[in-house]
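Descriptive analysis of the structure
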Amino acid sequence: MKKLQIGIMGSAADLNYSDEALEFAKELGRLIAESGNILVYGAEKEYSSLSTNAAIEADKYGGITVGITYGKNGNVYGDFRPTVLIPCGLELGGGREFTLILSCDIIIAISGGSGTLTEMAIAYQANVPIITIDKFGGWAKNLSGKYIDDRKRLKCISAKTPKQALKKALQIIEERGN
C-alpha cells in the first residue's frame, strides 16, 4: 500500500499559537506516524512552528518526516532534523510553498497566518485536498467549510480533533483513488 504524504501547515512561533494548538499538532504528528504515512512540512530556519512540532512528534513515534526548506543549505531551526530534508533553492514566500504543497497528497491546516494562507491557496489551485482545523483561529478557521473562491473547485473540510482530521484525510484520499 502506498504511503500517503500528508502535509501539516500551520502557525509559526511568531504568531504566538496556544498550548492547546501545540498539543493538537503534536497528537496529529503522532497519529500520522502510527498510521504508517509520511508527514510533510515546511522546515523553518528562524523559529519553530506547529508543523515542526508535529514532525518532531511523528519522529518520536518512528514516523517518516519530510521537511521542505527554503534557500540552498540544510540549516533549519533547532536540533531536529527530519528523515528527509529538501532545501528547494527557492525563497520563503517566493516559491518554497509550491514545492511544499505539490509534495503532498493532502494538507491539514492548523491556525495559520499569511504563509498558511498561501499554502492553502496553492493547494486549492493544484487540487490538493485541504482539511482545516477550525478551533484555533487563523486562516484554517476562516476558510473552514468554505471554498477559497467562486470556482468552487474544492471545499476546505473541517475537522475538530486530530483523529477526525486524519480519518477524514485518509477517507478523502481513498475516495479520490490516489
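Fair warning: this is a prediction, and the values are worked out from it, not measured in the lab.

When its secondary structure is counted, the chain shows 6 helices and 7 strands. Traced from its N-terminal end to its C-terminal end, the chain shows the element sequence β-α-β-α-β-β-α-β-α-β-α-β-α. C-alpha extents for the chain along the principal axes are approximately 40 × 35 × 30 Å. By residue count, 50% of the 178 residues in the chain fall in the buried class. Working note: accessible area of the chain is about 8,300 Å², and carbon and sulfur atoms make up 49% of it.

Next up on the list: the environment of Leu4. Structurally, the position occupied by Leu4 is in the segment before strand E1 (5-10). In sequence terms Leu4 and Val40 are 36 residues apart; their C-alpha atoms lie 9.8 Å from each other. Dropping the residues within four chain positions of it, Leu4 is found in contact with Asn37, Ile38, Asp105, Leu170 and Ile173.

This part covers unusual backbone geometry. If you check the backbone angles, Ser111 has positive phi at about 60 degrees while not being a glycine. As for its placement among the helices and strands, Ser111 is situated in the loop between strand E5 (106-110) and helix H4 (114-125). Under the relative-accessibility criterion, Ser111 is labelled buried at 9%. The phi dihedral of Lys152 is positive, around 50 degrees, even though this residue is not glycine. Within the secondary structure, Lys152 is located in the loop between helix H5 (138-143) and strand E7 (157-159).

Moving on, we get to the pairing of strand E6 (residues 130-133). Side chains of E6 alternate between two faces, with Ile130 and Thr132 and Ile131 and Ile133 buried alike. As paired strands, E5 and E6 are joined by 4 bridges and run parallel to one another. Within the sheet, the bridge partner assigned to Ile108 lies in E6 and is Ile131. In terms of strand pairing, E6 meets E7 through 3 bridges, oriented parallel. When the bridges of E7 are listed, Ile131 appears paired with Ile157. At this point the chain moves from E6, through H5, to the parallel E7, and the crossover so formed is right-handed.

At a closest axis distance of 9 Å, the pairing of helix H1 (residues 19-35) and helix H6 (residues 162-176) adopts a crossing angle of 45 degrees. One way to sum up the angle between H1 and H6 is to call them oblique. Every pair of crossing elements has a handedness; the one defined by H1 and H6 is right-handed. Together, Phe24, Glu27, Leu28, Leu31, Ile32 and Ser35 of H1 and Pro162, Lys163, Ala165 and Leu166 of H6 make up the contact between the two elements. Here the contact of H1 with H6 is built from residues that sort into 7 nonpolar, 1 polar and 2 charged.

Definitions and limits used
Residues numbered from 1 in each chain as written. Predicted model: local features only at pLDDT ≥ 70, side-chain atom pairs only at ≥ 80, totals over all residues. Heavy atoms only, no water. Helix = DSSP H or I, 4+ residues; strand = E, 2+ residues; numbered from the N terminus. Buried < 20%, exposed > 50% of the residue type's maximum accessible area, 1.4 Å probe, protein only. Areas by Shrake-Rupley, 256 points an atom, 1.4 Å probe, with all protein chains shown as cover. Contact = heavy atoms within 4.5 Å. Pairing = 2+ DSSP bridges. Right-handed = clockwise from strand over helix to strand, strands pointing away. Axes fitted to C-alpha atoms, helices over the stretch in contact; angles between N-to-C directions. Parallel < 35°, antiparallel > 145°, perpendicular 65-115°, else oblique. Left-handed = near helix turned anticlockwise from the far one by under 90°. Nonpolar A, V, L, I, M, F, W, Y, C, P; charged D, E, K, R; others polar.

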